[in-house]
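# Observations on the three-dimensional arrangement
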Amino acid sequence: MMGTPSGRMRQTILEWLKDPDANFPAPARRDPVATGVTARAVAAKLGVRRRTARAHLDFLTRLGVLRTRRLRCRTYYRRDEIRIAEVARVFEKGW
């Protein structure tokens, strides 16, 4: 998965979400670490359309490595560190 352009883009998103404070400008009254970041913020950083960013974020959410939180009319994404550690252990064992 991670060798394709889409896979590299998803890996980049996961890396950025490790430290959202450093990678995304904080909107007023929002803590990107606690709340997460929007598809709009990810799209702006990637230089792609919001729909493209949302497709990647939704894919990662379905895999279980991202969690979502809905506030008002926006969806915020953040890493699920427990699930990421579980997946990493599976690959370390050679599944």
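To be clear, the structure that these remarks concern was listed above.
Keep in mind that what you see is a predicted model, and the values were worked out from it rather than measured. (Residues numbered from 1 in each chain as written. Predicted model: local features only at pLDDT ≥ 70, side-chain atom pairs only at ≥ 80, totals over all residues. Heavy atoms only, no water.)

The next subject is the pairing of strand β3 (residues 74-79). Alignment of strand β1 (residues 37-38) against β3, held across 2 bridges, turns out to be antiparallel. Considered in β3, the bridge of V37 is made with Y77. Where strand β2 (residues 66-71) and β3 come together, 6 bridges link them in antiparallel fashion. Directly across from T68, in β3, lies its bridge partner Y77. (Pairing = 2+ DSSP bridges. Helix = DSSP H or I, 4+ residues; strand = E, 2+ residues; numbered from the N terminus.)

Attention now moves to the packing of aromatic side chains. Scanning all chains against the criterion turns up 1 aromatic pair. Relative to F24, the ring of W16 lies with its centre 6.1 Å away and its plane at 85°, an arrangement referred to as edge-to-face. Taking relative accessible area as the criterion, W16 reaches 17% and is therefore assigned buried. According to the relative accessible area criterion, F24 is buried, its value standing at 4%. Sitting over the face of the ring of F59, R10 holds its NZ or CZ atom 4.0 Å from the ring centroid. Against the face of W16 rests K45, its NZ or CZ located 4.9 Å from the ring centre. (Phe/Tyr/Trp six-rings, centres within 6.5 Å; stacked < 30°, edge-to-face > 60°. Buried < 20%, exposed > 50% of the residue type's maximum accessible area, 1.4 Å probe, protein only. Lys NZ or Arg CZ within 6 Å of the ring centre and 35° of its normal.)

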